[in-house]
2 protein chains.
Amino acid sequence: MNKAYAKLCEYIEKNISFREALTLFEWDNETLAPEASAENTSKAIGVISGEYFKTLINDEVKELLTVLSGEEEGKSLDFNQKAIVKNMKKSYEQMESIPPQEYRAYSELTAKAPGIWARAKKNKSFDEFAPTLEEIINYQKKFASYRKKGDRKIYDILLDDFEEGFSMEKLDIFFDKIKASLVPLLKQVTDKKDMIDKSYNYQTFDKEKQLAFGKFISSYVGFDYSKGVLAESAHPFTTNLHNKDVRITTHIYPNNLESSIFSVIHESGHAIYEMGIDDAITLTPVGGGSSMGIHESQSRFFENMLGRSEAFWLPVYPKLVEYFPEQLSDIPLEQFIAGINKSEPGLIRTEADELSYSLHIIIRYEIEKMIFEENVSVKDLPAIWNRKYKEYLGIEPENDAEGILQDIHWAGGSFGYFPSYALGSAISAQIYSCMAKMLPVEEHLKQGNLAPIVAFLKEHIHKYGATKNTSELLTGMMKEDLNADYYVSYLTDKYTKLYNL
Amino acid sequence: MNKAYAKLCEYIEKNISFREALTLFEWDNETLAPEASAENTSKAIGVISGEYFKTLINDEVKELLTVLSGEEEGKSLDFNQKAIVKNMKKSYEQMESIPPQEYRAYSELTAKAPGIWARAKKNKSFDEFAPTLEEIINYQKKFASYRKKGDRKIYDILLDDFEEGFSMEKLDIFFDKIKASLVPLLKQVTDKKDMIDKSYNYQTFDKEKQLAFGKFISSYVGFDYSKGVLAESAHPFTTNLHNKDVRITTHIYPNNLESSIFSVIHESGHAIYEMGIDDAITLTPVGGGSSMGIHESQSRFFENMLGRSEAFWLPVYPKLVEYFPEQLSDIPLEQFIAGINKSEPGLIRTEADELSYSLHIIIRYEIEKMIFEENVSVKDLPAIWNRKYKEYLGIEPENDAEGILQDIHWAGGSFGYFPSYALGSAISAQIYSCMAKMLPVEEHLKQGNLAPIVAFLKEHIHKYGATKNTSELLTGMMKEDLNADYYVSYLTDKYTKLYNL
């Protein structure tokens with residue numbers, strides 16, 4: 001092995017070890033840790049975070065990365081090693097340009113901001129959060145300006161952090177296409193919204209049985225319990241120590257059957273991705289998913305492309321009825337399929353159906369653009385938000401809690417993150433279209449045989465981890481970069497049929 | 001703050017943080033981690049263990065400890081700080097005297113030895129484990145000889161590691177006293193062993209309900225769920241990140257009601273100890289329990305002194321009957337109390353009743369003495385073991401699995417550990433006797449008011465953590481060091497009454 005690379009590996013080994021410890025602390029905190037433990041435990045987390053940081057950012061690593069990025073040394077590196085060096089160099093440059101003192105102040109700000117946001121949301125008062133949000137935005141602008149090269153736009157820098165190679169130019173085309181088709185389609189669907197009776201979903205469903213069905217359905221779609229865990233938490237999420245320890249959570253509502261089912265399938269999609277990453281890279285900086293958009297494409301592929309299709313439920317619905325005979329015996333499969341696909345424009349992104357979901361994202365994307373490129377004032381944001389909801393979804397929030405304050409992302413400093421959700425949806429439709437040309441997907445689903453589908457995803461996406469970015473993965477798989485047409489025609493076909501438009 | 005001490009605190013902070021991470025990994029591994037995760041995760045654990053070690057053993061820490069142990073600097077330290085320096089210096093000297101290469105070889109040996117032991121136990125073949133055991137013993141002898149000062153005996157050095165200030169001289173007196181009284185007492189009891197009908201205990205008991213009762217009873221005795229967690233694992237244990245995050249486990253057997261009840265009360269005793277340690281020291285090297293013996297005294301105090309008494313069950317037994325009406329409605333309290341105290345000499349230490357328990361320990365103590373002070377050959381151990389069981393308990397193992405191979409301790413290199421179990425039992429009886437002079441213990445139990453009992457223990461033992469050793473805690477509380485008389489007379493009284501001797 002290259003000598004400089006071998007030295008870098010020592011840092012990587014420590015870095016990954018600390019990352020695993022931090023991941024485990026976080027998992028434990030979300031699922032199990034006792035209430036009073038936080039104050040003491042957070043000290044340990046702080047110390048280990050500091051050690052984690054030091055394994056990435058120090059003079060020797062800087063030198064090693066410079067040497068290894070050189071043409072001469074680069075020749076001796078294999079594909080994975082090159083990707084690791086590139087990935088670490090990018091992180092290094094991101095961090096290095098920010099003065100440590102400013103970064104610390106920013107970290108403290110974004111550590112306390114979620115608490116301020118939560119209180120403001122509880123009081124339905126954007127004013128209480130506005131000064132903090134303004135501070136965060138100012139830091140984001142300043143940090144991006146430190147990293148700015150040439151006349152690159154601030155928001156483009158932020159977008160690139162979540163999706164390498166993506167910019168407003170690319171996303172404007174993407175979102176304009178979606179908006180042009182989906183806004184009118186949603187209006188047509190909304191006019192017929194009472195067509196589908198979904199009352200069956202809001203009966204009472206035993207929590208233990210819901211959890212047991214969650215274990216069954218996650219396993220059914222390919223979540224491997226020898227490498228994974230399912231637990232309960234306030235909000236569903238996926239996390240992993242490495243490719244053989246991947247954990248998902250769900251939140252069970254006694255009066256909403258589909259909520260936990262689809263969150264489990266969604267998180268299983270994230271988890272199956274992580275489980276499929278190659279052993280050779282799992283304990284390295286490229287050992288996680290490629291990008292937010294790709295990650296979300298996998299979760300939505302399982303949740304929507306597979307999980308909301310009739311072929312998927314054909315072999316599985318009878319099983320669900322077995323779990324809940326009292327509530328479901330009289331509900332035919334057809335009604336269940338209509339129910340899980342029913343569209344009703346709402347105010348809350350996380351509760352949105354497949355059709356309206358991207359419109360929630362477009363609103364956030366347009367507002368973030370205004371914040372960073374038009375310097376719109378923070379105090380004007382609620383009015384802008386509400387106006388856009390009226391325009392795109394035909395409804396308006398009654399207060400800030402169900403409007404501008406609904407998401408935690410900005411409180412954590414995540415700007416440029418939201419577009420990934422819509423990209424994920426679009427990519428999932430694009431992958432499905434590609435897969436369907438190469439595999440009898442529907443037949444497999446009808447036969448309850450999901451293994452070839454998982455194998456296809458592993459072969460074309462999962463195994464690469466973060467050694468390839470979104471465009472590289474897509475073109476590698478189907479000789480075509482991101483194209484919103486697949487997504488638009490998938491939704492148009494589906495909803496035209498469902499609502500007899 | 002003393003400047004050198006402030007510097008030491010930086011190492012302590014890191015050390016405690018890594019220790020918490022390692023504790024969490026271990027907890028997770030025992031309770032939740034997926035089966036296939038171990039290989040990858042163990043690499044992280046290895047790296048963090050190395051970092052943990054480095055925070056304790058390095059040139060700067062050595063110098064700081066030397067300076068701070070000096071008379072001049074010592075004056076500027078308070079009670080806790082002095083205890084911390086003393087504790088770290090002791091650990092340092094233990095580690096420092098062993099050549100790193102030998103220590104690494106020994107660590108590898110004791111990492112793989114439990115696997116070899118488990119296979120040997122499964123095959124009921126001591127021969128398969130004997131060579132490994134011999135290697136471990138040789139390392140232990142060698143390491144102790146490095147640390148030897150003057151004509152100190154090897155086994156005394158090992159005993160002192162678990163119980164500061166304890167030696168064969170002290171323990172011989174202790175165990176001789178116990179043996180002289182309990183061996184004949186046990187024989188008397190064994191003759192009347194069919195007097196008590198305990199068949200109620202071996203009916204079928206729903207696991208969920210057992211777990212729910214476990215949560216109730218742990219909370220009842222003082223386990224604070226805002227600072228703690230109860231989970232299931234193969235073998236019950238207690239662990240903690242700090243005094244506000246203390247975790248216990250239980251193992252539930254569907255056909256043995258009392259097993260989980262008493263293991264939960266036992267582990268709650270350990271946990272309440274850890275929860276009671278002072279905030280000022282919880283995140284330091286003296287932030288855990290004082291010694292193995294003291295820790296075990298707390299668990300056994302709750303399990304035996306409180307948990308097997310009639311006064312304890314008077315208010316609680318009706319509650320247990322509510323959980324299991326079908327199985328217990330016809331069993332009067334009197335029969336239940338007799339059942340949970342029934343004595344039947346058996347071959348397995350972990351299943352032993354209160355009366356015979358210490359005899360299992362005496363056998364191990366005597367054999368360990370022979371190993372280290374008489375150089376008895378490893379191959380002769382099974383025969384020695386069996387002979388002693390015949391002599392003290394009147395029964396003999398049919399194979400090595402239920403004989404010499406039953407405990408994992410020696411495979412982990414823990415020699416000198418077993419005596420702590422008997423010390424714990426004896427100390428718990430001594431503490432009860434002291435407490436009963438100062439508190440109306442029985443009255444409190446009958447009224448279901450355990451708070452004053454927990455408060456007493458916290459005030460005299462828990463809060464001090466490891467700033468005081470066993471003798472200091474005992475003499476501090478009752479002006480008397482360890483005295484086996486309390487234990488002997490407690491058991492004699494109890495079993496004389498129970499069996500009408």
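Only a predicted model underlies this, so the values are computations on that prediction, with no experimental measurement involved.

Asks: Please provide a residue-by-residue account of the overall build of chain A, values included.
Replies: For chain A, the count of helices and strands is 22 helices and three strands. The C-alpha extent of chain A, read off along each of the three principal axes, is 70 × 50 × 50 Å. The buried share among the 501 residues of chain A stands at 56%. For chain A, long-range pairs separated by at least 24 residues make up 74% of all intrachain contacts whose partners lie at least 6 apart in sequence. Of the roughly 21,100 Å² of accessible surface on chain A, 50% is carried by carbon and sulfur atoms. Charge centroids of chain A, computed over 57 positive and 76 negative side chains, lie 2 Å from each other.

Asks: Just give me the short version of the relation of the copies chain A and chain B, but keep the residues and values in it.
Replies: Of the two same-sequence chains, chain A is brought onto chain B (RMSD 0.0 Å, axial shift 0.0 Å) by a rotation of 180 degrees. Each copy turns onto its partner about a two-fold axis. Measuring from the rotation axis to each C-alpha of chain A, the shortest distance belongs to A21(A), at 3.0 Å. Mapped onto chain B, 100% of the interface residues of chain A are again interface residues, and the two copies thus contact each other with one and the same surface.

Asks: Just give me the short version of the UniProt feature "active site" (unreviewed entry) in chain A, but keep the residues and values in it.
Replies: All names here are of chain A. In the numbering adopted here, UniProt assigns the feature "active site" (unreviewed entry) to E267. Here E267 lies in helix 11 (residues 257-275). On the basis of relative accessibility, which here comes to 8%, the residue E267 falls in the buried class. Setting aside its immediate chain neighbours within four residues, E267 contacts P236, F237, T238, I248 and T249.

Asks: Lay out a negative patch on the surface in plain terms, naming residues and giving numbers.
Replies: A surface patch of like charges, here negative, comprises D206(A), E208(A), E232(A), D206(B), E208(B) and E232(B). By secondary structure assignment, the location of E232(A) is in strand 1 (residues 228-232).

Asks: Outline the side chain of R308(A), supporting the account with residue identities and numerical values.
Replies: All names here are of chain A. Checked against the element boundaries, R308 lands in the loop between helix 12 (292-306) and helix 13 (310-323). For R308, a relative accessible area of 11% corresponds to the buried category. Of note is the side chain of R308, whose polar atom sits 2.7 Å from the side chain of E303. Residues in contact with R308, not counting those within four places in the same chain, are E258, F262, E303, I337, I340, N341, E354 and K494.

Asks: With reference to specific residues and values, describe the UniProt feature "binding site: Zn(2+)" (unreviewed entry) in chain A.
Replies: Residues and elements named next belong to chain A. UniProt annotation of "binding site: Zn(2+)" (unreviewed entry) refers to H266, H270 and E296 when read in the numbering used here. A compact arrangement is adopted by the annotated residues: their sequence extent is 31 residues, whereas the largest C-alpha distance between any two is 8.8 Å. Mapping H266 onto the fold places it in helix 11. Its relative accessible area of 10% is what places H266 among the buried residues. Aside from chain neighbours lying at most four places away, what touches H266 is E296, S299, R300 and E303. Counting through the fold element by element, H270 comes out in helix 11. When neighbours within four sequence positions are excluded, H270 is seen to be in contact with T238, H295, E296 and S299.

Asks: Lay out the sheet that holds strand 1 of chain A with the relevant residues and their values.
Replies: Sheet strands associate in pairs through backbone hydrogen bonding, adopting either a parallel or an antiparallel arrangement. Residue and element names in this part refer to chain A. Strand order in the open sheet formed by three strands is 1-3-2, with mixed pairing between adjacent strands. Edge strands, defined here as strands with exactly one partner in the open sheet, are strand 1 and strand 2 (238-242). The mean inter-strand angle of the sheet, taken between neighbouring strand axes irrespective of direction, is 20 degrees. With four bridges connecting them, strand 2 and strand 3 (residues 245-250) associate as antiparallel partners. Within strand 3, the position partnered with H242 by the bridge is D245. The strands that helix 1 (residues 3-31) touches are strand 1, strand 2 and strand 3; relative to strand 2, the one it contacts most, it runs at about 145 degrees.

Asks: Describe the packing of aromatic side chains, and please don't skip the residues or the numbers.
Replies: One pass over the full model with this rule turns up 71 aromatic pairs over all chains. Measuring from ring centre to ring centre gives 5.2 Å for F205(A) and F324(A), while their planes differ by 90 degrees; the resulting arrangement is edge-to-face. One end of the pair, F205(A), is in the loop between helix 9 (168-191) and helix 10 (207-221); the other, F324(A), is in the loop between helix 13 and helix 14 (325-328), and 119 residues separate them in sequence. F324(A) carries the same exposure label as F205(A), and that label is buried. Seen from their ring centres, F175(B) and Y365(B) are 4.7 Å apart, and the 40 degrees between their planes marks the pair as tilted. Residue F175(B) is located in helix 9 (residues 168-191), and its partner Y365(B) is located in helix 16 (residues 354-373); the two are separated by 190 residues in the primary sequence. For F175(B), a relative accessible area of 3% gives the class buried. Residue classification places Y365(B) among the buried residues on the basis of a relative accessible area of 2%. The ring of Y357(A) is capped by R300(A), whose NZ or CZ atom sits 4.2 Å from the centre of that ring.

Asks: Quick rundown of the pairing of strand 1 of chain A? Include the residues and the values.
Replies: Successive residues of a regular strand alternate their side chains across the two faces of the sheet. Residues and elements named next belong to chain A. Burial analysis of strand 1 places four of its five residues in the buried class, which makes it a mostly covered element. Pairing of strand 1 with strand 3, which is carried by five bridges, proceeds in the parallel orientation. Bridging across to strand 3, V229 finds its partner in R247.

Asks: Can you explain the interface of chain A and chain B? Please cite residues and give values.
Replies: In this assembly, 37 residues from chain A lie in contact with 37 residues from chain B. Across the chain A to chain B interface the summed buried area is about 2,900 Å²; carbon plus sulfur atoms make up 66%. Per-residue buried area on chain A facing chain B is highest for L24(A), P34(A) and N40(A); these three make up 18% of the total on that side. Where chain A packs against chain B, one counts four salt bridges. Put simply, R247(B) and D28(A) hold a salt bridge, and the shortest N to O gap is 2.6 Å. The interface formed by chain A and chain B includes 14 residue pairs in polar contact (both at pLDDT 80 or more). The set of elements that each furnish at least two residues to the side of chain A that touches chain B consists of helix 1, helix 2 (38-56), strand 1, strand 2 and strand 3 of chain A. At 10 residues, helix 1 of chain A tops the list of elements feeding residues into the side of chain A that touches chain B.

Asks: Describe in detail the packing of helix 9 of chain B against helix 16 of chain B, supporting the description with residues and values.
Replies: All names here are of chain B. Running from N to C, helix 9 and helix 16 cross one another at 140 degrees; their axes reach a closest spacing of 9 Å. Accordingly, the angle class assigned to the pair helix 9 and helix 16 is oblique. Judged by the sense of rotation from one axis to the other, the crossing of helix 9 with helix 16 is left-handed. Contact residues: M168, L171, D172, F175, I178, K179, L182, V183, L185, L186 and V189 in helix 9; L355, S356, S358, L359, I361, I362, Y365, E366, K369 and E373 in helix 16.

Asks: Provide a residue-level description of the environment of S226(B), including the pertinent values.
Replies: Within the secondary structure layout, S226(B) lies in the loop between helix 10 (207-221) and strand 1 (228-232). Along the backbone, S226(B) and D245(B) are 19 residues apart, and their C-alpha atoms lie at a distance of 8.5 Å.

Asks: So what about the environment of F25(B)? Which residues, and what values?
Replies: Inspection of the secondary structure puts F25(B) in helix 1 (residues 3-31). Residues contacting F25(B), with those up to four places away along its chain left out, are E20(A), A21(A), L24(A), L241(A), T41(B), A44(B), I45(B) and I48(B).

Asks: Account for the sheet that holds strand 2 (residues 238-242) of chain B, naming residues and giving values.
Replies: All names here are of chain B. A sheet is described by the order of its strands in space; here three strands give the open sequence 1-3-2, paired in mixed fashion. Two strands close off the open sheet at either side, each with one partner strand: strand 1 and strand 2. The mean angle between the axes of side-by-side strands here comes to 20 degrees, regardless of whether they run parallel or antiparallel. Sheet strands touched by helix 1: strand 1, strand 2 and strand 3 (245-250). Its angle to strand 2, the strand with the most contacts, is close to 145 degrees.

Asks: So what's going on with unusual backbone geometry? Which residues, and what values?
Replies: All names here are of chain A. At N375, a residue that is not glycine, the phi angle is positive and equals roughly 50 degrees. One can find N375 in the loop between helix 16 (354-373) and helix 17 (381-393). For N375, a relative accessible area of 53% gives the class exposed.

Rules behind the numbers
- Residues numbered from 1 in each chain as written.
- Chains lettered and ligands numbered in written order.
- Predicted model: local features only at pLDDT ≥ 70, side-chain atom pairs only at ≥ 80, totals over all residues.
- Heavy atoms only, no water.
- Helix = DSSP H or I, 4+ residues; strand = E, 2+ residues; numbered from the N terminus.
- Buried < 20%, exposed > 50% of the residue type's maximum accessible area, 1.4 Å probe, protein only.
- Contact = heavy atoms within 4.5 Å.
- Areas by Shrake-Rupley, 256 points an atom, 1.4 Å probe, with all protein chains shown as cover.
- Lys, Arg positive; Asp, Glu negative; His and termini not counted.
- Charge placed at Lys NZ, Arg CZ, Asp CG, Glu CD.
- Least-squares fit on C-alpha atoms with pLDDT ≥ 70 in both.
- UniProt positions renumbered as here; feature names shortened; annotations may be inferred.
- Patch = residues over 30% accessible without salt bridge, like charges linked within 9 Å, V, L, I, M, F, W, Y side chains within 5 Å.
- Salt bridge = Lys/Arg side-chain N within 4 Å of Asp/Glu carboxyl O.
- Polar contact = N/O pair within 3.5 Å; in protein donor to acceptor, adjacent residues only side chain to side chain.
- Pairing = 2+ DSSP bridges.
- Axes fitted to C-alpha atoms, helices over the stretch in contact; angles between N-to-C directions.
- Phe/Tyr/Trp six-rings, centres within 6.5 Å; stacked < 30°, edge-to-face > 60°.
- Lys NZ or Arg CZ within 6 Å of the ring centre and 35° of its normal.
- Buried area = accessible area lost by both parts, 1.4 Å probe.
- Parallel < 35°, antiparallel > 145°, perpendicular 65-115°, else oblique.
- Left-handed = near helix turned anticlockwise from the far one by under 90°.

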